[in-house]
Amino acid sequence: MLHSRRVWVLTPVNSADELAEMLVMSTWTGCSAFSVGGYFFLNDATCADGAQEYAVVRQLADGRYEQIESITFSWCSPQSGLELIQRVLAGEFDQADYRREVQPRLQTPEQHGRCHLCA
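### Some words on the overall build of the protein
Part 1 of the reasoning: For the protein, the count of helices and strands is three helices and seven strands.
Part 2 of the reasoning: Traced from its N-terminal end to its C-terminal end, the protein shows the element sequence β-α-β-β-β-β-α-β-β-α.
Part 3 of the reasoning: In terms of overall size, the protein behaves like a compact globule, its C-alpha atoms giving a radius of gyration of 13 Å where 119 residues would be expected to give roughly 14 Å.
Part 4 of the reasoning: Each of the three principal axes of the protein carries a C-alpha extent, and together these read 35 × 35 × 25 Å.
Part 5 of the reasoning: Counting all 119 residues of the protein, 47% fall into the buried class.
Part 6 of the reasoning: In the protein, the proportion of contacts linking residues at least 24 apart, taken out of those at least 6 apart, comes to 53%.

### A word on the packing of aromatic side chains
Part 1 of the reasoning: Using the criterion set out here, one finds four aromatic pairs in the structure.
Part 2 of the reasoning: Residues W28 and F34 carry aromatic rings whose centres are separated by 5.0 Å and whose planes lie at 70° to one another, so their mutual orientation is edge-to-face.
Part 3 of the reasoning: Residue W28 is classed as partly exposed on the basis of its relative accessible area of 28%.
Part 4 of the reasoning: Of the aromatic side chains, those joined through ring pairs into one cluster are F41, Y54 and F73.

### Section: the pattern of salt bridges
Part 1 of the reasoning: Counted according to the given criterion, the structure contains six salt bridges.
Part 2 of the reasoning: Between R87 and E92 there is a salt bridge; the shortest N-O distance is 2.6 Å.
Part 3 of the reasoning: Residue classification places E92 among the partly exposed residues on the basis of a relative accessible area of 47%.
Part 4 of the reasoning: Linked by salt bridges that have partners in common, R58, E66, D94 and R99 make up one network.

### Focus: the sheet that holds strand 7 (residues 105–107)
Part 1 of the reasoning: Spatially, the seven strands line up as an open sheet ordered 6-5-4-3-2-1-7, and their pairing is mixed. Of all the strands in the sheet, just strand 6 (100–102) and strand 7 have a single pairing partner and so form its edges. The sheet shows a mean angle of 40° between the axes of neighbouring strands, direction not considered.
Part 2 of the reasoning: Alignment of strand 5 (residues 65–72) against strand 6, held across three bridges, turns out to be antiparallel. Looking at strand 6, one finds that E66 is bridged to E101.
Part 3 of the reasoning: In the packing of helix 1 (residues 16–25) onto the sheet, contacts are made with strand 2 (32–36), strand 3 (39–43) and strand 4 (53–59), and the angle to strand 2 comes to roughly 160°.

### What about the side chain of T72?
Part 1 of the reasoning: Topologically, T72 is positioned in strand 5.
Part 2 of the reasoning: Residue classification places T72 among the buried residues on the basis of a relative accessible area of 12%.
Part 3 of the reasoning: Residues within four places of T72 in sequence aside, it is in contact with A51, Q52 and E53.

### Considering the nonpolar core
Part 1 of the reasoning: Ranked by size, the top nonpolar core spans 21 residues in total, and within it L19, L23, F34, F41, F73, I85 and V88 carry the most contacts.
Part 2 of the reasoning: Of all the elements in the fold, those that place two or more residues in this core are helix 1, strand 2, strand 3, strand 4, strand 5 and helix 2 (78–89).
Part 3 of the reasoning: A total of six residues in this core trace back to one element, the largest contributor, which is helix 1.
Part 4 of the reasoning: Each residue touching F41, except ones within four places of it in the same chain, is listed here: L19, L23, S32, A33, F34, V36, Y54, A55, V56, F73, I85 and V88.
Part 5 of the reasoning: The next biggest cluster of nonpolar side chains, apart from the first, holds ten residues, and it includes W8, L10, L42 and V102.

What counts, and at which threshold
Residues numbered from 1 in each chain as written. Predicted model: local features only at pLDDT ≥ 70, side-chain atom pairs only at ≥ 80, totals over all residues. Heavy atoms only, no water. Helix = DSSP H or I, 4+ residues; strand = E, 2+ residues; numbered from the N terminus. Rg over C-alpha atoms; globule rule 2.2 N^0.38 Å. Buried < 20%, exposed > 50% of the residue type's maximum accessible area, 1.4 Å probe, protein only. Contact = heavy atoms within 4.5 Å. Phe/Tyr/Trp six-rings, centres within 6.5 Å; stacked < 30°, edge-to-face > 60°. Salt bridge = Lys/Arg side-chain N within 4 Å of Asp/Glu carboxyl O. Pairing = 2+ DSSP bridges. Axes fitted to C-alpha atoms, helices over the stretch in contact; angles between N-to-C directions. Core = buried A, V, L, I, M, F, W, Y, C linked by side-chain atoms within 4.5 Å.

Put into structure tokens, the structure is as follows:
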């Protein structure tokens, strides 16, 4: 995660297919985050009109969070985006050498309200 102070509003998604379409076909506000299959995809873009980069994070059994990957979905086709999400959900990146502990600030839509990134 590039943004240690950013607050994300977490939206659950029903499937990898749905998430792939959402992330590849649309541009989201910087405070957008999505969850599917126990993994979190946090918008890590540096600006609204830049590449749509997402930090891929999982929560460990002890409550800590680990970033396991970073994916630029704006560079993906719908099929390659889906394949990457499926690989994440299959646990392929869970033990990557480059994983690191992170402390994302996640909120529900009700908690979040509006911020400078989504206003």
